[in-house]
Amino acid sequence: LGIIARGDGQQELANAYFRQALQVAPETAASEEIAGILFDSGAYVDALQQYTMLGRKSQSDQQRQAFESRAVICRFRNNEVKEAERAAAAFLKTYPDAEESRAAFEVERGTYLFRNEDYAKALKSFDQVIDKHGTTGAVTSALYWRGKTLSALNKQPEAIQQLLSLLKEYPG
């Protein structure tokens, strides 16, 4: 029902169906599709529950790594920063070569800091992604958030330059 509601453009109703399915049968309701829908709609608490179950059930290391990485991101986006930091450290200890996840976690850390108006530290997080993880998919997010952070710091000329540079380097 949740997938049908989502297809009809009724995201809130879809999320309600998914939540109800989780309450009725938490172990059987876990699916990558449901987790993705919940994540994309901002229902991070529910998505975290799904990704955690999927990670436990996962039969391949690659799948487990993807689900555990998403779970860490859910924690950052849900403002569970202490648990997110702990989970990120454990994840990176288990998967030391997970460069994409390492960069994504740093962007999430930076956006958490931005939401909490700690702009100087946020800027450092975004700069770290740009400087150390420039070949990852997270670099475009870091460049965008760096521009927003510069704007929040009332550094408008630098912010405009940053965002124009982003558009030039990564059109579309």
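Just so we're clear, the structure is a prediction, and the values are computed from it rather than from any experiment.

(A) Summary view of the pattern of salt bridges. Under the counting rule described, the total for this entry stands at 8 salt bridges. Here Arg64 ties to Asp61 by a salt bridge, and the two come within 2.7 Å at their closest N and O atoms. A residue pair is termed a helical-turn pair when its members lie 3 or 4 positions apart in one helix, as Arg64 and Asp61 do in helix α5 (residues 61–77) at 3 residues. Taking the relative accessible area as the measure of exposure, Asp61 reaches 53% and is therefore exposed. Arg86 is the salt-bridge partner of Glu83, the closest N and O atoms lying 2.4 Å from each other. One end of the pair, Glu83, and the other, Arg86, are both in helix α6 (residues 81–94), 3 residues apart, so they sit about a helical turn from each other. A residue is classified by how much of its surface remains accessible, and Glu83, at 27% relative accessible area, is partly exposed. Judged by relative accessible area, which is 48%, Arg86 ranks as partly exposed. Residues joined by salt bridges that share partners form a network here, namely Glu85, Glu106 and Arg109.

(B) Region of interest: the packing of α5 against helix α7 (residues 99–115). With their axes 9 Å apart at the nearest point, α5 and α7 run at an angle of 10° to one another. Compared by their axis directions, α5 and α7 come out roughly parallel. For the pair formed by α5 and α7, the contact residues are Ser69, Val72, Ile73, Phe76 and Arg77 on the first element and Ser101, Ala104, Phe105, Glu108, Arg109, Tyr112 and Arg115 on the second. Across the contact of α5 with α7, the residue classes break down as 6 nonpolar, 2 polar and 4 charged.

Definitions and limits used
Residues numbered from 1 in each chain as written. Predicted model: local features only at pLDDT ≥ 70, side-chain atom pairs only at ≥ 80, totals over all residues. Heavy atoms only, no water. Salt bridge = Lys/Arg side-chain N within 4 Å of Asp/Glu carboxyl O. Helix = DSSP H or I, 4+ residues; strand = E, 2+ residues; numbered from the N terminus. Buried < 20%, exposed > 50% of the residue type's maximum accessible area, 1.4 Å probe, protein only. Axes fitted to C-alpha atoms, helices over the stretch in contact; angles between N-to-C directions. Parallel < 35°, antiparallel > 145°, perpendicular 65-115°, else oblique. Contact = heavy atoms within 4.5 Å. Nonpolar A, V, L, I, M, F, W, Y, C, P; charged D, E, K, R; others polar.

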